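Listed below, chain by chain, are the residues.
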Amino acid sequence: MQQISISDIQRNLHKLDGFDIVEIIDKKRNQVKGYFIDNKYAGFVQELVESQFKKENKNKSVGGSLHKYANPSLIEDEDRGWKEHIEKKYKI
């Protein structure tokens, strides 16, 4: 994979032409800052990103993870319970 420094891109932007993927590095800190991916792969990359977000959001759903522990017989009293809690807390 071709590596190009940040300053090299600033001085010679045309160096990105002709490459599909280029690794952008910071030579001073010796760190990879990112990747340049040619526009022809934009749709593919967008699909990958969206599928990853969907996977992450599915795993973070609190309602979904707690649903298996819910007691259906208590659902009816749930709304009234919160109202009573607020009334007690603020002495309404």
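Here the structure is a predicted model, which is why all the values come from computation and not from measurement.

## Description of the pattern of salt bridges
Here's step 1: Taken as a whole and assessed by the stated rule, the structure comprises two salt bridges.
Here's step 2: The partner of aspartate 20 in a salt bridge is lysine 40, with the nearest N and O atoms 3.3 Å apart. With aspartate 20 in the loop between helix H1 (6–11) and strand S2 (21–26) and lysine 40 in the loop between strand S3 (31–37) and helix H2 (42–59), this pair connects stretches of sequence that are 20 residues apart.
Here's step 3: On the basis of relative accessibility, which here comes to 57%, the residue lysine 40 falls in the exposed class.

## Comments concerning the pairing of S2
Here's step 1: The buried fraction of S2 amounts to five of the six residues, a majority that puts the element mostly inside the structure.
Here's step 2: For strand S1 (residues 2–5) and S2, the ladder comprises four bridges, and the chain directions are parallel. Bridge pairing links isoleucine 4 to isoleucine 24 in S2.
Here's step 3: At this point the chain moves from S1, through H1, to the parallel S2, and the crossover so formed is right-handed.
Here's step 4: Looking at chain direction, S2 and S3 are connected through six bridges and run antiparallel. In the strand pairing of S3, glutamate 23 is matched with tyrosine 35.
Here's step 5: Here S2 folds back onto S3 in antiparallel fashion, the turn holding four residues, of which asparagine 30 has a positive phi close to 55 degrees.

Definitions and limits used
All residue numbers refer to position in the chain's written sequence, counted from 1. With the structure being a predicted model, the display of local features is reserved for residues of pLDDT at least 70 and the display and counting of side-chain atom pairs for 80 or more, all residues being used for whole-chain, interface and lining totals. Heavy atoms throughout the structure, all of them, feed into the side-chain values; hydrogens and water do not. Salt bridge, as used here, is a side-chain nitrogen of Lys or Arg placed within 4 Å of a carboxyl oxygen of Asp or Glu. Put simply, DSSP marks the helices as runs of H or I at least four residues long and the strands as runs of E at least two long, and each gets a number from the N terminus on. Buried, partly exposed and exposed residues are distinguished by accessible area as a fraction of the type maximum, computed with a 1.4 Å probe on protein chains only: under 20%, between the cut-offs, and over 50%, respectively. A pair of strands is considered paired only if DSSP assigns at least 2 bridges between the two. Crossover handedness is defined by viewing with both strands directed away from the observer: a clockwise path from the first strand over the helix to the second marks the crossover as right-handed.

All quantities given are derived from atomic positions and should not be read as evidence of function.
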